[in-house]
Amino acid sequence: MATKQKTLNDLFLETLKDMYHAEKQILKALPKMAKAAESDQLRQAFEQHRAETEGQVERLEQVFEMLGKAARGKPCEAIQGMVEESQEVIEDFKGSDALDAGLLAAAQAVEHYEISRYGTLRTWATQLGLTEAARLLEQTLQEEKHTDAVLTQIAEAAVNRQAA
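Below you will find a few notes about this structure. (Residues numbered from 1 in each chain as written. Predicted model: local features only at pLDDT ≥ 70, side-chain atom pairs only at ≥ 80, totals over all residues. Heavy atoms only, no water.)

Points about the overall build of the protein chain
What counts is decided by this rule: Helix and strand assignments come from DSSP, with helices taken as H or I runs of at least 4 residues and strands as E runs of at least 2, each series counted from the N terminus. Throughout, exposure labels follow a simple rule: accessible area from a 1.4 Å probe, protein chains only, divided by the maximum for the residue type, with under 20% read as buried, over 50% as exposed, and the rest as partly exposed. In this analysis, two residues are considered to be in contact whenever any of their non-hydrogen atoms come within 4.5 Å of each other. Where accessible areas are quoted, they stem from the Shrake-Rupley method and a 1.4 Å probe; at the residue level, only the protein chains shown are allowed to cover. By the counting scheme adopted, Arg and Lys are positive, Glu and Asp are negative, and His together with the chain ends is not counted. Working definition for charges: the position is that of NZ of Lys, CZ of Arg, CG of Asp or CD of Glu.
Scanning the protein chain from terminus to terminus reveals five helices and zero strands. Order of helices (α) and strands (β) in the protein chain, N terminus to C terminus: α-α-α-α-α. Each principal axis of the C-alpha atoms in the protein chain carries an extent, and together these give about 60 × 35 × 20 Å. When the 164 residues of the protein chain are sorted by exposure, 45% land in the buried category. Sequence separation of 24 or more characterises 80% of the internal contacts of the protein chain that already satisfy a separation of 6 or more. Of the roughly 8900 Å² of accessible surface on the protein chain, 49% is carried by carbon and sulfur atoms. Taken as two groups, the 19 positive and 28 negative side-chain charges of the protein chain have centres that lie 7 Å from each other.

Remarks on the packing of aromatic side chains
This is how it is decided: Whether two aromatic rings pair depends on their centres lying within 6.5 Å, for rings of Phe, Tyr and Trp, where Trp uses its six-membered ring; planes under 30 degrees apart make the pair stacked, over 60 edge-to-face, and the rest tilted.
Counted under the stated rule, the structure contains one aromatic pair. Taking the centre distance of 5.5 Å and the plane angle of 80° together, the rings of Y20 and F64 count as edge-to-face. Of this pair, Y20 sits in helix α1 (residues 8-36) while F64 is found in helix α2 (residues 40-67), placing the two residues 44 residues apart along the sequence. Residues Y20 and F64 agree in their burial class; the two are buried.

A few points about the pattern of salt bridges
Here is the rule we go by: A carboxyl oxygen of Asp or Glu within 4 Å of a side-chain nitrogen of Lys or Arg is what we treat as a salt bridge.
According to the stated counting rule, one finds eight salt bridges in the structure shown. The partner of R50 in a salt bridge is E54, with the nearest N and O atoms 2.4 Å apart. Of this pair, R50 and E54 both sit in helix α2, separated by four residues, roughly a single helical turn. Residues joined in a network through salt bridges with shared partners are E14, K17 and K74.

Topic: helix α4 (residues 99-127)
Put simply, the rule is: Expected helix span is computed as 1.5 Å times (number of residues minus one).
Over its 29 residues, α4 runs 42 Å from end to end, which matches the ideal 42 Å to within 8%, given 1.5 Å per residue. A positive phi of about 80° marks G129, the residue just after α4.

Some points on the side chain of Q108
Position of Q108 among the secondary structure elements: in helix α4. Contacts of Q108, omitting those with residues within four sequence positions, involve D148, L151 and T152.

Re the nonpolar core
Inclusion rule: Joining through side-chain atoms within 4.5 Å is the link that ties buried Ala, Val, Leu, Ile, Met, Phe, Trp, Tyr and Cys residues into a set, and such a set is a nonpolar core.
F46, I79 and L103 are the most contacted members of the largest nonpolar core, which has 48 residues in total. For this core, the elements supplying multiple residues, two or more each, are α1, α2, α3 (77-93), α4 and α5 (131-163). Sort the elements by how many residues they give to this core and α1 lands first, with 13 residues. Sequence-distant contacts of F46, that is, excluding residues within four places in its chain, are made with L30, M33, A34, A37, L103, A107 and L151.

This is how it looks when you write it as structure tokens:
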């Protein structure tokens, strides 16, 4: 029996499932990170990004709907590892001047992963002629880039200096 040849459509759907699961994991992690943050500015950035992430989940659900597929995630081991790392930072650096710098670094690792994935998904959606899906994915990509820039600004303006 011949196996079905996998296509870019299949890869797009699998990566979409990966990101759906990732965003759900991030939604659980952000309140813990916000609670652990010492800096009010960092706490606010985490809280704001949590609200954005809820919108990103909704956009992913819209893309699944466009494809006629149920919004279902598949375990994203990369994000699970990064979330575990953020928990380790919280446990290992609680009460330390370096806590916020560690939280920021963990958050930026997640942002960079998301930027990479959403850029790829947007490009594939365009290639597959999924114009509306590409527009939604581009919107999320821009939010992730903005969050990364905000985190960089917080790190450079205060958090890294305080940690040193």
